[in-house]
Amino acid sequence: MSIRFGLFSDLHSSLPHAPQRGSSARTLEDLKEGLSRFAREGVDFAVSLGDNLQPASDAAEQFEQFRSMIRLWCGYGFPVHAVMGNHEFSQLSHAQVLELFQTDRTYYSFTLGGVRFVLLDTCYNPDGGHFSEDNFDWRYGIVPEAELAWLRELLGEKRRTFVFTHGNLYFDKDDPYAAWYRILNCEEIRALLEASGCVEAVFQGHHHTFADAVCGGIRYVNVPSPERSPVYTESDFPVVTVTEDGFLYEGRRLS
Ligand SMILES: [Fe+2]
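A brief report on the enclosed structure follows. (Residues numbered from 1 in each chain as written. Predicted model: local features only at pLDDT ≥ 70, side-chain atom pairs only at ≥ 80, totals over all residues.)

**Some points on the overall build of the protein**
- Secondary structure summary: the protein contains 5 helices and 11 strands in total.
- Here the C-alpha atoms of the protein give a radius of gyration of 17 Å, agreeing with the 18 Å that 2.2 N^0.38 yields for 255 residues.
- Structurally, the protein occupies a C-alpha span of about 50 × 45 × 40 Å along its principal axes.
- Within the protein, buried positions represent 42% of all 255 residues.
- A fraction of 68% describes how many contacts in the protein between residues 6 or more apart in sequence connect residues 24 or more apart. (Helix = DSSP H or I, 4+ residues; strand = E, 2+ residues; numbered from the N terminus. Rg over C-alpha atoms; globule rule 2.2 N^0.38 Å. Buried ≥ 20, exposed ≤ 12 C-beta atoms within 10 Å, placed from the backbone. Contact = placed C-beta atoms within 7 Å.)

Following this line, the structure appears as structure tokens:
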């Protein structure tokens, strides 16, 4: 049994006339390279860990920009799942993003080959309201009680589980800036994942740099952003292979 999936995060893709961020002008081309790589590697699915776009001229232009990116995702022969990032809501409303994805929810799970994959939505304000049209501070996201209750019930059924999130559940306490990237109730969620005894790894976006740590028996991997790379780099589009006894990240066991 082996399941393979591709990951990408924080493209921050910008339109030519919009303000740039790092290499954001190039990340749409990187995405095409990355998705082609995933197809060559025979992935079963891919996951965007959020922050796909930089702001456009206005919300209508952003909506079209996002729609054409989702069309691109559909052209490689495997499904692309989307974890919500704060930048998805810098111009668009929550309702517009749901319309783009043709769904009524932004957190869900699916099972493949007996393995469970969980997509969290960390784009909620401390008052429980969803991020929408720039009504948020990117440093202060939470997972609200309703989503926690769903997660608690889901993890009550024991099976191998991998989690995807934009806001960080784990952060390096020695990095003074990393705290900005964690979600406010991350400790509560980590405790829930640990108590389940069946979560093997959490893949995080938001931080833009690679990092890898083990906390409470669960591995936390920060997926890097191509916005930080001077040229297209394969490691910005990592492939994960789920094996019988763990997983390989870019073909190697993290240690
Ligand atoms: Fe980002």
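**A look at the nonpolar core**
- Counting residues in hydrophobic clusters, the biggest one holds 52 residues, and the most contacted among them are Leu-7, Val-83, Leu-120, Val-163, Phe-164 and Phe-203.
- In terms of residue count, strand β7 (residues 199-204) provides more of this core than any other element does, 4 residues in total.
- With sequence-adjacent residues up to four places away left out, Val-83 is seen in contact with Val-47, Ser-48, Leu-49, Gly-50, Leu-119, Leu-120, Phe-164, Thr-165, His-166 and Gly-205. (Core = buried A, V, L, I, M, F, W, Y, C linked by C-beta atoms within 7 Å.)

**Some words on the environment of Asp-44**
- Here Asp-44 is to be found in the loop between α1 (27-41) and β2 (45-48).
- Each C-alpha atom of the pair Asp-44 and Pro-79 lies 7.6 Å from the other, and the pair is 35 residues apart in sequence.
- Those residues in contact with Asp-44 that lie beyond four places of it in its chain are Ile-3, Arg-4, Phe-5, Phe-78 and Leu-112.

**Topic: the sheet that holds strand β6 (residues 161-165)**
- Spatially, the 6 strands line up as an open sheet ordered β4-β5-β6-β7-β9-β8, and their pairing is mixed. Every interior strand has two partners, whereas the edge strands, β4 (108-112) and β8 (211-215), have only one. Each strand of the sheet is rotated relative to its neighbour by a mean of 20°, with strand direction disregarded.
- Two strands pair when backbone bridges link them, and β4 and strand β5 (residues 115-119) are joined in this way by 5 bridges, in the antiparallel orientation. Residue pairing across strands places Leu-112 opposite Val-115, the latter belonging to β5. (Pairing = 2+ DSSP bridges. Axes fitted to C-alpha atoms, helices over the stretch in contact; angles between N-to-C directions.)

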